[in-house]
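Listed below, chain by chain, are the residues.
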Amino acid sequence: MPDVVIEPDADRLARAVAAALVARLAAAQAVHGTASVVLTGGGIGTAVLQRVADLVREPARERVDWTAVDVWWGDERWVPADDEDRNELGARRALLDPAGVPEERIHAMPASDAGFAEPEDAADWYAGQLAAAAPEGEPLPRIDLLLLGMGPEGHVASIFPGTPAVSDERPVVAVRDCPKPPPTRVSLGYPAINAAEEVWLLVSGSAKSPAVARALTSGATPDELPAAGVHGRRATRWLLDAEAAAELDARS
């Protein structure tokens, strides 16, 4: 069963998640010497990274060696490298540049002008990057923490209800005709998402409260509600603000 944490508002949610993220990465480094995280975009995802950057400047408790953190992405928009829609740009500004994460540890998904003819080629390349970082004989590296947002209709990464990505068994997939612009994307698939040690779903806002309640209480299928198909190997956490959690009591 997933853990559910509810904070009073989006700001306090971002602050709480940032502190927990730093603690999780510090714990991973204490065991392995390195840590790995998969980032998400969106409003709450970027807010968390900004709060983490605050902790980098003024650490409260745990310290993370950001030169020993591998950074991956859950999905990316198939747009040029300098397009403001790219999740990578927001993450670099909010955290990666201020924290001094080395370029060789930043594993960005390809942009549309990176030399790949089709997004399917870019997805195959990113799958190859994951495999190259994995232990011998494994298709995926150790991912200590994978962050996801969720849309009002229950999509995660760029896996939308009723689309081919729901049933695709590849670790990285191209997504075309996405119902939310931009229409073409590259996304981790369920095999990669659910291989992470921990998956945290960050959700804020009243528009998402029906999907939160469906995912946690109704037994919805991944095809109906992709967020319902997400789980970590060791832990799954839903981190919500009060507005996103508003319908949970009514349905439980």
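Please read all numbers here as calculations on a predicted model, not as lab measurements.

Caption draft 1: Spotlight on the packing of aromatic side chains. One pass over the full model with this rule turns up 3 aromatic pairs. Ring geometry for W72 versus Y126: centroids 5.8 Å apart, planes at 75 degrees, classification edge-to-face. Linking W72 in strand β3 (residues 69-73) with Y126 in helix α4 (residues 119-132), this pair joins segments that are 54 residues apart in sequence. Accessibility expressed as a relative area gives 3% for W72, which makes it buried.

Caption draft 2: The arrangement of the sheet that holds strand β6 (residues 172-175) in detail. Spatially, β4-β7-β6 is the arrangement adopted by the 3 strands of the open sheet, whose pairing is antiparallel. The sheet terminates laterally at β4 (75-77) and β6, the two strands that pair on one side only. On average, each strand axis in the sheet is inclined to that of its neighbour by 15 degrees, with strand direction left out of account. Relative to strand β7 (residues 185-188), β4 runs antiparallel, the two being bridged by 3 bridges. Bridged to D75 within β7 is S187. Seen against the sheet, α4 touches β6 and β7 and runs at an angle of roughly 165 degrees to β6.

Caption draft 3: A look at the sheet that holds β3. In space, the 6 strands of this open sheet follow the order β1-β9-β8-β5-β2-β3, with parallel pairing throughout. Only two strands of the sheet have a single neighbouring strand rather than two, namely β1 (3-7) and β3. In this sheet, neighbouring strand axes are inclined to one another by 20 degrees on average, regardless of whether the strands run parallel or antiparallel. Direction of pairing for strand β8 (residues 198-203) relative to strand β9 (residues 235-241): parallel, over a ladder of 6 bridges. Bridging from a neighbouring strand, V199 pairs with T236 of β9. Running at roughly 150 degrees to β3, helix α3 (residues 87-99) makes contact with β2 (35-39) and β3 of the sheet.

Caption draft 4: The arrangement of the nonpolar core in detail. Formed by 82 residues in total, the largest nonpolar core has its most connected members in W66, W73 and L188. Here this core gets 9 residues from one element, more than from any other, and that element is helix α1 (residues 10-32). Setting aside residues no more than four positions away along its own chain, W73 makes contact with V38, L39, N87, E88, A91, L96, I106, H107, A108, M109, Y126 and L188.

Caption draft 5: Structural view of the pairing of β7. The two faces of β7 match: R185 and S187 on one face and V186 and L188 on the other face are all buried. Pairing between β6 and β7: 4 bridges, direction antiparallel. When the bridges of β7 are listed, V175 appears paired with R185.

Basis of the calculations
Residues numbered from 1 in each chain as written. Predicted model: local features only at pLDDT ≥ 70, side-chain atom pairs only at ≥ 80, totals over all residues. Heavy atoms only, no water. Phe/Tyr/Trp six-rings, centres within 6.5 Å; stacked < 30°, edge-to-face > 60°. Helix = DSSP H or I, 4+ residues; strand = E, 2+ residues; numbered from the N terminus. Buried < 20%, exposed > 50% of the residue type's maximum accessible area, 1.4 Å probe, protein only. Pairing = 2+ DSSP bridges. Axes fitted to C-alpha atoms, helices over the stretch in contact; angles between N-to-C directions. Contact = heavy atoms within 4.5 Å. Core = buried A, V, L, I, M, F, W, Y, C linked by side-chain atoms within 4.5 Å.

Function cannot be inferred from these measures alone, as they are strictly geometric.
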